[in-house]
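What follows is each chain in one-letter form.
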Amino acid sequence: IFRKFEGLDRGLTADEVRDLHRRGVSIGSHTVTHPYLIEMHDEEIRKEFLDSKRTLEAWTGVPCRFLSIPGNFYNRRIARIAYECGYEAVFTANVGTVSPTTDPFDINSLIIEGAFTLSEFQANLRPPAIITRKAVAWVKKQPPRLVGASRYMAIREVLFNSPLRHLFTMRR
């Protein structure tokens, strides 16, 4: 559920979430308004987490155990608040693999964007691709650190909607 992009993108309806849940899909939280969490006060973050969690629990009838961080703007303070709100694990967009010693409140992932074929998907799981993605992810984290999440996302939106957009999209 999210309200930030209403009219542009739409979140799933309660019926769609219930249908996915009935089909065995694990439903996790991603906040309500897709905010830049690192720029928010603790109580604002807590409200985002709990409103999303409670809504999904009401829709599915089961505990919402997992949280995925919007925009990957994340730190240990946010992990602590997620824990306090009752989440059992937090997924980030940090590129990497997971092991038995992985911190459950900082789980890496491999984001697969677009319509990858099976062979493209498999290629993205190989060590050279993971190393490349980690390097790209590190570079992409620098602008928000320098100018702040809100400014970075505003600049990013302008660039992605400009004639230069082809320079900023990942090719397979």
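Everything that follows concerns the structure shown earlier in this document.
First, a word on scope: everything that follows refers to the structure included in this document. Since this is a predicted model, take the numbers as computed values, not measurements. (Residues numbered from 1 in each chain as written. Predicted model: local features only at pLDDT ≥ 70, side-chain atom pairs only at ≥ 80, totals over all residues. Heavy atoms only, no water.)

**With respect to the overall build of the chain**
Thinking step 1. When helices and strands are tallied, the chain shows six helices and three strands.
Thinking step 2. N-terminal to C-terminal, the α/β element order of the chain is α-α-β-α-β-β-α-α-α.
Thinking step 3. Expressed as a percentage of its 172 residues, the buried residues of the chain come to 30%.
Thinking step 4. Long-range pairs, those at least 24 residues apart, make up 53% of the contacts in the chain with a sequence separation of at least 6.
Thinking step 5. Here the chain has roughly 11200 Å² of accessible surface; of this, 59% comes from carbon and sulfur atoms. (Helix = DSSP H or I, 4+ residues; strand = E, 2+ residues; numbered from the N terminus. Buried < 20%, exposed > 50% of the residue type's maximum accessible area, 1.4 Å probe, protein only. Contact = heavy atoms within 4.5 Å. Areas by Shrake-Rupley, 256 points an atom, 1.4 Å probe, with all protein chains shown as cover.)

**Digging into the sheet that holds strand β1 (residues 66-68)**
Thinking step 1. Here we have three strands laid out as an open sheet, ordered β1-β2-β3, and parallel in their pairing. On the outer flanks of this sheet lie β1 and β3 (107-109), each paired with one strand and no other. Averaged over all adjacent pairs, the angle separating strand axes in this sheet is 35°, with direction ignored.
Thinking step 2. Looking at chain direction, β1 and strand β2 (residues 89-95) are connected through three bridges and run parallel. When the sheet's bridge partners are listed, F66 is paired in β2 with A89. (Pairing = 2+ DSSP bridges. Axes fitted to C-alpha atoms, helices over the stretch in contact; angles between N-to-C directions.)

**Looking at helix α2 (residues 42-60)**
Thinking step 1. Look at α2: 27 Å from first C-alpha to last across 19 residues, which is about the 27 Å you get at 1.5 Å a residue.
Thinking step 2. Every buried residue belonging to α2 is among I45, R46, E48, F49, L50, S52, K53, L56 and T60, and all of these are buried.
Thinking step 3. Where α2 is buried, its residues touch α1 (14-22), β1 and α3 (76-84). (Expected span 1.5 Å × (residues − 1).)

**Here we look at the nonpolar core**
Thinking step 1. Counting residues in each nonpolar core, the largest one holds 20 residues, and the members touching the most others are F49 and Y87.
Thinking step 2. Going through the elements one at a time, α2 and α3 are the ones with two or more residues in this core. (Core = buried A, V, L, I, M, F, W, Y, C linked by side-chain atoms within 4.5 Å.)

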